[in-house]
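Survey of secondary and tertiary structure
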Amino acid sequence: MKKIAVLVSGGGTNLQALIDAEKSGKIKNGKITCVISSSPDSYALERAKNNNIPTKVIPRKEYESVRDYTRAVTDTLIEEKADLVVYAGFMTILDEQIVEAFSNRMMNVHPSLIPSFCGKGFYGLHVHEEVLKKGVKLTGATVHFVTEECDGGPIILQKAVEVKNDDTPEALQKRVMEEAEWKILPKAVSLFCEDRIEVKDNKTYVN
Ligand code: GAR
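Because the structure is a prediction, the values reported are computed rather than measured.

Before going further, it helps to spend a moment on unusual backbone geometry. Between Ile114 and the following residue, Pro115, the backbone shows a cis peptide bond with an omega angle of 15 degrees. Its place among the elements puts Pro115 in the loop between β5 (106–110) and α5 (125–134). Positioned with a positive phi, Lys81 is a non-glycine residue whose angle comes to about 55 degrees. One can find Lys81 in the loop between α3 (66–79) and β4 (84–87). Taking the relative accessible area as the measure of exposure, Lys81 reaches 59% and is therefore exposed. One non-glycine residue, Phe117, lies in the positive phi region at around 50 degrees.

Right, let's get into the site of the ligand. Neighbouring the ligand are 14 residues; Gly12, Thr13, Asn14, Gly124 and Glu181 lie closest to it. In the model, an oxygen atom of the ligand is placed 2.9 Å from a nitrogen or oxygen of the Asn14 side chain. Gly124 places a polar main-chain atom, nitrogen or oxygen, 2.8 Å from an oxygen atom of the ligand. Expressed as a share of its isolated accessible area of 450 Å², the protein-covered part of the ligand is 92%. A majority-of-atoms criterion places the ligand in the largest pocket. Broken down by secondary-structure element, the contributors of at least two residues to the shell around the ligand are α1 (13–23), β5 and α6 (169–193). Residue composition of the shell around the ligand, by class: 6 nonpolar, 7 polar and 1 charged.

Below, the discussion takes up the nonpolar core. A general feature of soluble globular proteins is that nonpolar side chains tend to end up buried together. In terms of nonpolar packing, the biggest core is built from 39 residues, with Val6, Val86, Met107 and Val189 touching the most fellow members. Examining the composition of this core, we find that 10 residues originate from one element, α6, more than from any other. In this view, Met107 contacts Leu84, Val85, Val86, Tyr87, Val143, His144, Phe145, Val146, Ile156, Ala188, Val189 and Phe192; residues no more than four positions away in its chain are not counted. One finds Tyr69, Val85, Val99 and Phe102 within the second-largest nonpolar core, a separate group that totals 19 residues.

Cut-offs and rules
- Residues numbered from 1 in each chain as written.
- Predicted model: local features only at pLDDT ≥ 70, side-chain atom pairs only at ≥ 80, totals over all residues.
- Heavy atoms only, no water.
- Helix = DSSP H or I, 4+ residues; strand = E, 2+ residues; numbered from the N terminus.
- Buried < 20%, exposed > 50% of the residue type's maximum accessible area, 1.4 Å probe, protein only.
- Near = heavy atom within 4 Å.
- Polar contact = N/O pair within 3.5 Å; in protein donor to acceptor, adjacent residues only side chain to side chain.
- Areas by Shrake-Rupley, 256 points an atom, 1.4 Å probe, with all protein chains shown as cover.
- 1 Å grid on protein atoms, 1.4 Å probe; cavity = no way out; pocket = protein on both sides within 12 Å on 5 of 7 lines; lining within 4 Å.
- Sits in = over half its atoms within 2 Å of the grid points.
- Nonpolar A, V, L, I, M, F, W, Y, C, P; charged D, E, K, R; others polar.
- Core = buried A, V, L, I, M, F, W, Y, C linked by side-chain atoms within 4.5 Å.
- Contact = heavy atoms within 4.5 Å.

So this is what it looks like as structure tokens:
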């Protein structure tokens with residue numbers, strides 16, 4: 001059984017999708033063993049506690065540099081013996097130290113079809129605001145492995161979602177979560193735990 005550590009910062013609906021998937025047997029060979037939050041106030045912590053999942057708060061504010069903060073998070077994940085690290089709405093930038101320790105064992109869910117609307121500054125609601133500004137007709141979500149390049153690692157799963165004429169950023173965010181993120185994140189986690197994802201030349205192959 002692979003140990004899954006989930007990194008969170010906010011509401012934690014993606015964490016909830018993972019918890020629900022685990023409970024209903026959709027995550028094969030994996031168990032969420034720890035939730036780590038960058039903020040003491042994130043509602044994701046309540047979700048973990050309600051499901052008896054151990055939590056740790058590593059407040060970003062208490063560390064001066066990205067380097068020191070990354071070291072603290074990485075050391076905690078090593079102590080927890082995490083096999084897989086999932087960024088589920090984790091809004092803090094970490095440096096190469098964590099990539100070295102968990103290469104091809106860290107995945108992130110991003111609320112657009114990468115390589116559109118991603119990279120520095122594209123997070124949370126801003127992504128959907130930019131999608132509506134541009135007027136694209138399709139958006140969606142992506143689950144990818146985390147590398148040193150922001151949102152640039154090998155793509156594992158993607159799902160498209162229609163943009164509607166009367167969408168607000170909030171309405172679009174909700175639809176992208178419901179129709180894409182909450183489906184492809186648990187699926188990608190299960191594929192990883194079943195050892196079905198292979199990475200070759202910056203691409204993934206699902207076996
Ligand atoms: C989600 O839409 C997630 O894809 C996004 O933040 C939201 C967190 O919601 N992540 C990013 O933008 C990362 N670049 P949640 O806390 O309810 O899961």
